[in-house]
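Structural description and commentary
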Amino acid sequence: MDNNNAVAGSSCQTPAPTRKRAWVPGSVTNMYSAAKRRRMSFADDVNHDFITNMPEFDVGSKVNVADRFISAPQDNAIPLQTTPRTRRIAKIFGLADDRILKYTDTNVEASTNSFLGRHRFNYHQLLKRPHQVPSTSAEAHLGARKQFVLALDGPGIPSDLFAYPISWSARNAIAVACGRDVYYQNLDTRDISHLFKLPMNHGKLITIEWAEKAPNLLAAGTSSGDIQLWDTDGTKQLRRWQEDAFVDVGGMSWYDKVLAVGLGDGVITLYDARQPDAIGRIESHKDKVHGLRWRHDGNYLASSDQQGVVQLWDSRASKSLEAGNRYRSKMKHNAPIKALAWCPWKPELLATGTMYPDGKIRIWNIGTTPAAAPATHTIPLNTSVTSLLWSPHCKELLSTHGMSWQPRAGASESCPNLPSDVGPNSRARRMRDRERPASVKTALTNSLTVHAYPSLRRVVSVPAHTGAVGHSCLSPDGTKVFTICPAEEAMKMWQVWGVAEAGERRESVFDKCTIR
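Values in this document were obtained by computation on a predicted structure and should not be read as measured data.

**Points about the side chain of Ser404**
In this structure, Ser404 sits in strand E23 (residues 396–405). The buried category is assigned to Ser404, whose relative accessible area is 1%. Among all residues touching Ser404, those that are not within four sequence positions of it are Asn382, Thr383, Ser439, Val440, Thr442, Leu444 and Thr445.

**Notes on a nonpolar patch on the surface**
Together, Ile89, Ile92 and Phe93 make up an exposed nonpolar region whose accessible area comes to about 360 Å². Position of Phe93 among the secondary structure elements: in the loop between helix H3 (84–92) and helix H4 (115–127). Taking relative accessible area as the criterion, Phe93 reaches 63% and is therefore assigned exposed.

**Things to note about helix H5 (residues 138–145)**
Each α-helix winds once per 3.6 residues, and so residues spaced three or four apart point in a common direction. For H5, the N-terminal capping position is held by Ser137, with its side-chain oxygen 3.2 Å away from the main-chain nitrogen of Glu139. Remark: Lys146 follows H5 within two positions and exhibits a positive phi of approximately 55°.

**Structural notes on the sheet that holds strand E14 (residues 289–294)**
Pairing within the open sheet is antiparallel, and its 4 strands lie in the order E14-E15-E16-E17. The open sheet has two edge strands with one neighbour each: E14 and strand E17 (331–332).

**Notes on the pairing of strand E11 (residues 258–263)**
Buried residues dominate E11, accounting for 5 of its 6 residues. Note: strand E10 (residues 249–255) against E11, 5 bridges, orientation antiparallel. Counterpart to Ser253 in the pairing with E11 is Ala260. Hairpin geometry of E10 and E11 is characterised by an intervening segment of 2 residues between the two adjacent antiparallel strands and by a positive phi of about 60° at Asp256. Here E11 pairs with strand E12 (residues 267–272) via 5 bridges, running antiparallel.

**Focus: the pairing of strand E8 (residues 226–231)**
In terms of burial, E8 is a largely internal element, 6 of the 6 residues being buried. Residue alternation in E8 divides its side chains into two sets, Asp226, Gln228 and Trp230 and Ile227, Leu229 and Asp231, and both sets are buried. Taken together, the 5 bridges between strand E7 (residues 217–222) and E8 define a ladder with antiparallel strand orientation. Counted as the bridge partner of Ala219 is Leu229 from E8. Once E7 ends, the chain turns through 3 residues before running back antiparallel as E8, passing Gly225 with a positive phi of about 80°.

**Examining the packing of aromatic side chains**
Evaluation of the coordinates by the stated rule reveals 10 aromatic pairs. Judged by centre distance (6.0 Å) and plane angle (80°), the ring pair of Phe148 and Trp494 falls under edge-to-face. With Phe148 in the loop between H5 and strand E1 (150–153) and Trp494 in strand E29 (residues 490–495), this pair connects stretches of sequence that are 346 residues apart. We classify Phe148 as partly exposed; its relative accessible area is 31%. Judged by its relative accessible area of 2%, Trp494 is buried. Centroid distance Tyr255 to Trp294: 6.1 Å. Interplanar angle 40°. Geometry classified as tilted.

**Examining the environment of Trp230**
For Trp230, the location among the structural elements is in strand E8. On the basis of relative accessibility, which here comes to 12%, the residue Trp230 falls in the buried class. Separated by 11 residues in the primary sequence, Trp230 and Ala219 have C-alpha atoms spaced 6.3 Å apart. If we ignore the near neighbours within four places in the chain, the residues touching Trp230 are Leu195, Phe196, Asn216, Leu217, Leu218, Thr235, Lys236, Gln237 and Leu238.

**As for the sheet that holds strand E20 (residues 360–365)**
Here we have 4 strands laid out as an open sheet, ordered E18-E19-E20-E21, and antiparallel in their pairing. Lying at the two open borders of the sheet, with one neighbouring strand each, are strand E18 (337–342) and strand E21 (377–380). With direction set aside, neighbouring strand axes in the sheet form an average angle of 15°. In the sheet, E18 pairs with strand E19 (residues 349–354) via 5 bridges, with the strands oriented antiparallel. Note that in E19 the partner of Trp342 across the bridge is Leu350.

**Notes on the pattern of salt bridges**
A side chain of one charge can pair with a side chain of the opposite charge when the charged atoms of the two come close. Taken as a whole and assessed by the stated rule, the structure comprises 10 salt bridges. Of the charged contacts in the structure, one is a salt bridge between Asp181 and Lys197, with a shortest N-O distance of 3.3 Å. Here Lys197 lies in strand E5 (residues 191–197) and Asp181 lies in strand E4 (residues 181–186), a separation of 16 residues in the sequence. On the basis of relative accessible area, Asp181 is assigned to the buried category, the value being 13%. Its relative accessible area of 48% is what places Lys197 among the partly exposed residues. A salt bridge links Asp477 to Lys480; the nearest nitrogen and oxygen atoms lie 3.9 Å apart.

**What to know about the confidence of the model for the protein**
For the protein, mean pLDDT is 80; residues scoring 70 or higher make up 69% of the total. Counting interchain partners and residues more than four positions distant, the pLDDT-below-50 stretch residues 1–11 has 0 contacts. Note on residues 107–111: pLDDT is under 50 here. Beyond four places in sequence and across chains, it has 1 contact.

**Some words on the side chain of Ser167**
Topologically, Ser167 is positioned in strand E2 (residues 166–168). Engagement of the side chain of Ser167 in a polar contact is seen with the backbone nitrogen of Trp210, the distance being 3.1 Å. Excluding residues within four positions of it along the chain, Ser167 makes contact with Ala173, Ile174, Ala175, Ile208, Glu209, Trp210 and Cys473.

**A short note on unusual backbone geometry**
The step from Tyr356 to Pro357 runs through a cis peptide bond, and the omega angle for that step is 10°. Mapping Pro357 onto the fold places it in the loop between E19 and E20. Although it is not a glycine, Thr235 adopts a positive phi angle of roughly 50°. One can find Thr235 in the loop between E8 and strand E9 (236–242). Judged by relative accessible area, Thr235 falls into the partly exposed class, the value being 42%.

Analysis parameters
Residues numbered from 1 in each chain as written. Predicted model: local features only at pLDDT ≥ 70, side-chain atom pairs only at ≥ 80, totals over all residues. Heavy atoms only, no water. Helix = DSSP H or I, 4+ residues; strand = E, 2+ residues; numbered from the N terminus. Buried < 20%, exposed > 50% of the residue type's maximum accessible area, 1.4 Å probe, protein only. Contact = heavy atoms within 4.5 Å. Patch = residues over 30% accessible without salt bridge, like charges linked within 9 Å, V, L, I, M, F, W, Y side chains within 5 Å. Areas by Shrake-Rupley, 256 points an atom, 1.4 Å probe, with all protein chains shown as cover. Salt bridge = Lys/Arg side-chain N within 4 Å of Asp/Glu carboxyl O. Polar contact = N/O pair within 3.5 Å; in protein donor to acceptor, adjacent residues only side chain to side chain. Pairing = 2+ DSSP bridges. Phe/Tyr/Trp six-rings, centres within 6.5 Å; stacked < 30°, edge-to-face > 60°. Axes fitted to C-alpha atoms, helices over the stretch in contact; angles between N-to-C directions. pLDDT = per-residue confidence, 0-100.

Structure representation (structure tokens):
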């Protein structure tokens, strides 16, 4: 009875719920398509062949990490046949790196021993030569003193920064145009002489220039096209030339007895001190000729104008220059140009300096530079360049400056010939006022600066005046520079360079021998 009840109770028990069985493929590859399985089997075969055929390297053959041309081995090597997915997973877990070549072993700590570094530093200090400043460089003179040597008053100096109111003669006499009067002082004796006074109906004095090979001759040009030639020995006027158009005079330059004069209508006129009339006329520039410079040998004449065009004229072709004597194509700039300078120790170098809005110094090699090629060297300054002077004793270039501006500035007093004839309430006036410069004061503002060539390194820069430097001229010995400032109505003389000491000539064995 009890047994029957036990059997009945066991047969009436509620069965447990069955677990749902998931589909298990016969192999892993059955989960993918046939094409996927073929690719995976091919990769497995290649990996198997690569691993089984890989040669075994000895532990002692590990690459030395000191060799910087061979990558250090990776601690966790990844098979070459890997997919992008496996690379991403390995990179997440820190098992792979982006770089293929690693020149340092990250498992080796950096050496903290600086014993070898100290020895290298001490050895370098023993071999290091002290900086030697040449006796002719501006660094040894202007850089050491940074003060002017002499200051002179110049009341009535022309306010136009494109004027040439000062000139230094070969007799060490400095001449200056003060209003309608011309004075000159002998710096050896300090005697001051009054040369002449310009009549009221002859305009204003703009340019004066001493003749280099005839130091007693002084030429003066006015705003009405009147050009006068004076003899300082006899204090008398030798020649007077009058331009027919009555235009103002720009730059002037002497070579021997020939005087080149730039005019406001873009014409260049040549005069001979021995003849009463002009000997040549060049009509090529389209605006006022601000700069004129003969090369030291007289073979070339450089001219520049208000539109930033520089032209070269070859005087070897004919005695009287004409428009057909242009040596090469025009050298175009982006601003008016007054500053021109030929290099005395490398005659093919010509330096040009621009006003606003360019503010750069460019050095041209007329012998090797192609006709339409850019300048050989360019020095961006964002400052008006009013004059340039090469040193005859060392490879340095001096520049004088006016105001400085932001790179995207506008017109200012450094370029005073810009038009201003529009009404105060006109749209053109408002637009131009918006483009006016944000004047900034820098180390180059109103300064006298010397640059090295060909490195273009700034050797020294000295604040010359409180206003813009109008012009500068070089002394006969090539060591001193006179600067003039219309705002101050003053002139200053600076000791910039030095003369090389003549060393004793060493005796040679060939001096004791003679050729029979």
